[in-house]
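Structural overview
Listed here are the chains, written in short residue letters.
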Amino acid sequence: MPTEFTTTDAGVRRITKVDPNEALDKPNDPKTFLLLSGVNHALFGKRDAKQYGTTTLAQIEERVTKLGKELGVDIVCAQTDYEGEMCQLIHYSRCLGGVIMNPGAWAHYSYALRDAIDACDSPVVEVHISNVHAREEFRHKSVTAPVCAGMLSGCGVLGYDLGLRCAIERRSERDAAKKA
Ligand SMILES: O=C1C[C@@](O)(C(=O)O)C[C@@H](O)[C@@H]1O
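These lines cover the structure that appears in this document, whether it is placed above or below. Just so we're clear, the structure is a prediction, and the values are computed from it rather than from any experiment.

Spatially, E1-E2-E4-E3-E5-E6-E7 is the arrangement adopted by the 7 strands of the open sheet, whose pairing is mixed. Both outer strands of the open sheet, strand E1 (4-7) and strand E7 (150-153), are each paired with one neighbouring strand and no more. Between one strand axis and the next, the sheet turns by 25° as a mean value, whatever way the strands run. Both strand E6 (residues 124-128) and E7 contribute to a ladder of 4 bridges, which runs parallel. When the bridges of E7 are listed, Val-127 appears paired with Leu-152.

Encoded structure:
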């Protein structure tokens, strides 16, 4: 089954079902970036406002989609509460320009996600809304950040904008290095 998409009234394009193997045959689309949200992130706006503010995930997706337009790239969004599906979405991103990823709690312990990122050629930028270093000790470590192209934490939802800018930059650096 090919990867399936839907577009919301607000113009946000979302993956509703992923075929992780599709990226192996598909030509790379360097102008499309994946905004990938992890476990419990559908609750942003209703969850721990002190740490995460009141912006909903739908609003974050709209914001990044709009910024993508301004910067000349397309954004496709996905959110999952399942670790295996998160890894499959990373596999799929091999045919895209790069990824802005908030892995949520998986950042702190998922070696499966780390390996998926490591196996992915496209730049993945890790974003955390809260400052994970100012919180409980188990959040201080990210096992995924060392294989990411960059990591942002504590910038609030602005971190997603910066993450997109960083992913675009890293992608063009990578392409230039490949040409040289
Ligand atoms: O789910 C989340 C959200 C988070 O990734 C953030 O955006 O600040 C930080 C994680 O520790 C937490 O599990």
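You will see that Asn-40, though not glycine, has its phi angle at about 75°, which is positive. With respect to the helices, strands and loops of the structure, Asn-40 is situated in the loop between strand E3 (29-37) and helix H2 (49-52). By relative accessible area, Asn-40 is classed as partly exposed at 37%. The residue Asp-48 is not glycine, and still its phi comes out positive at about 40°. Here Asp-48 shows up in the loop between E3 and H2.

Once that is clear, we can look at the environment of Met-1. Among the secondary structure elements, Met-1 is positioned in the segment before E1. The spacing of Met-1 and Leu-67 is 66 residues in sequence and 31 Å in space, taken between C-alpha atoms. Contacts of Met-1, omitting those with residues within four sequence positions, involve Lys-17 and Asp-19.

Tracing the sequence through the fold places His-108 in the loop between strand E5 (96-102) and helix H5 (111-118). Contact partners of His-108, with chain neighbours within four places excluded, come to Val-132, Phe-138, Arg-139, Lys-141 and Val-143.

Neighbouring residues of the ligand: His-41, Arg-47, Tyr-52, Asn-102, Gly-104, Ala-105, His-108, His-128, Ile-129, Ser-130, Val-132 and Arg-139. Contacts to the ligand include Arg-47, whose side-chain N or O atom sits 3.2 Å from an oxygen atom. Between the ligand and Arg-139 there is a distance of 2.8 Å, counted from an oxygen atom to a side-chain nitrogen or oxygen. In isolation the ligand has 320 Å² of accessible area, and contact with the protein removes 99% of it. The class makeup of the residues in the shell around the ligand is 4 nonpolar, 6 polar and 2 charged.

As for its position among the elements, Thr-80 is in the loop between strand E4 (74-79) and helix H4 (83-92). Residue Thr-80 is classed as buried on the basis of its relative accessible area, which comes to 2%. A polar contact of 3.0 Å, which involves the side chain of Thr-80, links it to the backbone nitrogen of Tyr-82. In terms of polar contacts, Thr-80 uses its side chain to reach the side chain of Glu-85, at 2.6 Å. Apart from the residues lying within four places of it in its own chain, the contact partners of Thr-80 are Ser-37, Gly-38, Val-39, Glu-85, Met-86, Leu-89 and Trp-106.

Below, the discussion takes up the pairing of E5. Most of E5 is tucked away: 7 of the 7 residues are buried. Bridge count for E3 against E5 is 6 bridges, and the pairing is parallel. Directly across from Asp-29, in E5, lies its bridge partner Leu-96. Sheet analysis places E5 next to E6, joined by 3 bridges and oriented parallel. Residue pairing for E6: Ile-100 is matched across the bridge by Val-125. Regarding topology, H5 serves as the crossover connection from E5 to the parallel E6, and that connection is right-handed.

Attention shifts here to the pattern of salt bridges. Taken as a whole and judged by the stated rule, the model has 10 salt bridges. Across the salt bridge formed by Asp-121 and Lys-178, the nearest N and O atoms sit 3.0 Å from each other. One end of the pair, Asp-121, is in the loop between H5 and E6; the other, Lys-178, is in helix H6 (residues 158-179), and 57 residues separate them in sequence. Linking Asp-175 and Arg-171 is a salt bridge whose minimum nitrogen-to-oxygen distance equals 3.1 Å. Of this pair, Asp-175 and Arg-171 both sit in helix H6, separated by 4 residues, roughly a single helical turn. Overlapping salt bridges, with partners in common, bring together Asp-121, Arg-171, Arg-174, Asp-175 and Lys-178 in one network.

Reading the values: the criteria
- Residues numbered from 1 in each chain as written.
- Predicted model: local features only at pLDDT ≥ 70, side-chain atom pairs only at ≥ 80, totals over all residues.
- Heavy atoms only, no water.
- Pairing = 2+ DSSP bridges.
- Helix = DSSP H or I, 4+ residues; strand = E, 2+ residues; numbered from the N terminus.
- Axes fitted to C-alpha atoms, helices over the stretch in contact; angles between N-to-C directions.
- Buried < 20%, exposed > 50% of the residue type's maximum accessible area, 1.4 Å probe, protein only.
- Contact = heavy atoms within 4.5 Å.
- Near = heavy atom within 4 Å.
- Polar contact = N/O pair within 3.5 Å; in protein donor to acceptor, adjacent residues only side chain to side chain.
- Areas by Shrake-Rupley, 256 points an atom, 1.4 Å probe, with all protein chains shown as cover.
- Nonpolar A, V, L, I, M, F, W, Y, C, P; charged D, E, K, R; others polar.
- Right-handed = clockwise from strand over helix to strand, strands pointing away.
- Salt bridge = Lys/Arg side-chain N within 4 Å of Asp/Glu carboxyl O.

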